[in-house]
Amino acid sequence: MLTLHEVETFLQDTPSPLQEIVLELRNMIMHVAPDAEEVIRWGGLSYFHIDRGGLVSAGICQVGIHEDHVRLAFIHGAYLPDPKHLLEGDRKAKRYVRIHSYDQAPWEDLEELIRVSARFDPRSLQVSPAPGKTIK
């Protein structure tokens, strides 16, 4: 993971309301996938499993900062279960959620998307079961 100083430096020109969203997402990702590698790429924060591959093949999610929102993107989002229909996008596989407000963000649903993405295997296009659980 990047140091807090590196993240704060990266966010220094970002409006405070968007910084709050980014930092909450970062905390959530660190909680859900403590083994994730965190890097600054493509104008945002990217998270992936370094032991499974690179930013794309082992990607968990990306946190992008836009003018009026934060975008939580999933490189393999088209393959993730999305029962709340939060994911947008029409690319082959990438999907994202726009977060305009900290107070109105669906935090529990976002955490579940991150959790599922962290267990997704792009080679099999399957989500691995959570530890101690089986997929039915």
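Here, the structure is the one placed above.
Owing to the predicted nature of the structure, the values given are computational and were not obtained by experimental measurement.

Undergrad: Tell me about the overall build of the chain, and name the residues and values.
TA: Helix and strand content of the chain: three helices and seven strands. Against the globule reference of 14 Å for 136 residues, the chain gives a C-alpha radius of gyration of 14 Å, in line with a compact fold. Principal-axis analysis of the C-alpha atoms places the extent of the chain at approximately 45 × 30 × 30 Å. Long-range pairs, those at least 24 residues apart, make up 47% of the contacts in the chain with a sequence separation of at least 6. Of the roughly 7,900 Å² of accessible surface on the chain, a fraction of 50% belongs to carbon and sulfur atoms.

Undergrad: Explain unusual backbone geometry to me, and be specific about the residues and the numbers.
TA: Backbone geometry at Trp42 places phi at a positive 55°, although glycine is not the residue there. Its relative accessible area of 60% is what places Trp42 among the exposed residues. The residue His85 is not glycine, and still its phi comes out positive at about 55°. Looking at the secondary structure, you find His85 in the loop between strand S4 (70-74) and strand S5 (95-99). Classification of His85 by relative accessible area gives exposed; the value is 68%.

Undergrad: Summarise the pattern of salt bridges; cite the residues concerned and give the values.
TA: Tallied over the entire structure, the rule returns six salt bridges. For Lys84, the salt bridge is made with Asp109, and the minimal N-O distance between the two is 3.5 Å. You can see Lys84 sitting in the loop between S4 and S5 and its partner Asp109 sitting in helix H3 (residues 107-118), a full 25 residues away along the chain. On the basis of relative accessible area, Lys84 is assigned to the exposed category, the value being 52%.

Undergrad: Go over helix H2 (residues 16-32) with me, naming the residues and quoting the values.
TA: For H2, with 17 residues, the first-to-last C-alpha span of 24 Å sits near the 24 Å given by 1.5 Å per residue. By the burial criterion, the buried members of H2 are Leu18, Ile21, Val22, Leu25, Arg26, Met28, Ile29 and Val32. All buried residues of H2 fall inside an arc of 165° around its axis, so they share one side.

Undergrad: Explain the sheet that holds S4 residue by residue, including any values.
TA: In spatial order, the strands read S1-S2-S3-S4-S5; together these five strands make up an open sheet with antiparallel pairing. Lying at the two open borders of the sheet, with one neighbouring strand each, are strand S1 (37-41) and S5. Strand-to-strand twist in this sheet, taken as the mean axis angle between neighbours without regard to direction, amounts to 20°. Relative to S4, strand S3 (residues 59-65) runs antiparallel, the two sharing four bridges. Bridging from a neighbouring strand, Gly64 pairs with Arg71 of S4. Packing of H2 onto the sheet brings it into contact with S1, strand S2 (44-48), S3, S4 and S5, and relative to S3 it is tilted by some 170°. Running at roughly 30° to S4, H3 makes contact with S3, S4 and S5 of the sheet.

Undergrad: Tell me about H3, and name the residues and values.
TA: For H3, spanning twelve residues, the distance from its first C-alpha to its last is 16 Å, which sits close to the expected 16 Å at 1.5 Å a residue. Taken as a whole, H3 has its buried residues at Trp107, Leu110, Leu113, Ile114, Val116, Ser117 and Ala118. For H3, the elements touching its buried residues are H2, S3, S4, S5, strand S6 (120-121) and strand S7 (126-127).

Rules used throughout
Residues numbered from 1 in each chain as written. Predicted model: local features only at pLDDT ≥ 70, side-chain atom pairs only at ≥ 80, totals over all residues. Heavy atoms only, no water. Helix = DSSP H or I, 4+ residues; strand = E, 2+ residues; numbered from the N terminus. Rg over C-alpha atoms; globule rule 2.2 N^0.38 Å. Contact = heavy atoms within 4.5 Å. Areas by Shrake-Rupley, 256 points an atom, 1.4 Å probe, with all protein chains shown as cover. Buried < 20%, exposed > 50% of the residue type's maximum accessible area, 1.4 Å probe, protein only. Salt bridge = Lys/Arg side-chain N within 4 Å of Asp/Glu carboxyl O. Expected span 1.5 Å × (residues − 1). Arc of directions from axis to C-beta. Pairing = 2+ DSSP bridges. Axes fitted to C-alpha atoms, helices over the stretch in contact; angles between N-to-C directions.

So far we have only geometry, and geometry alone does not tell us how the molecule works.
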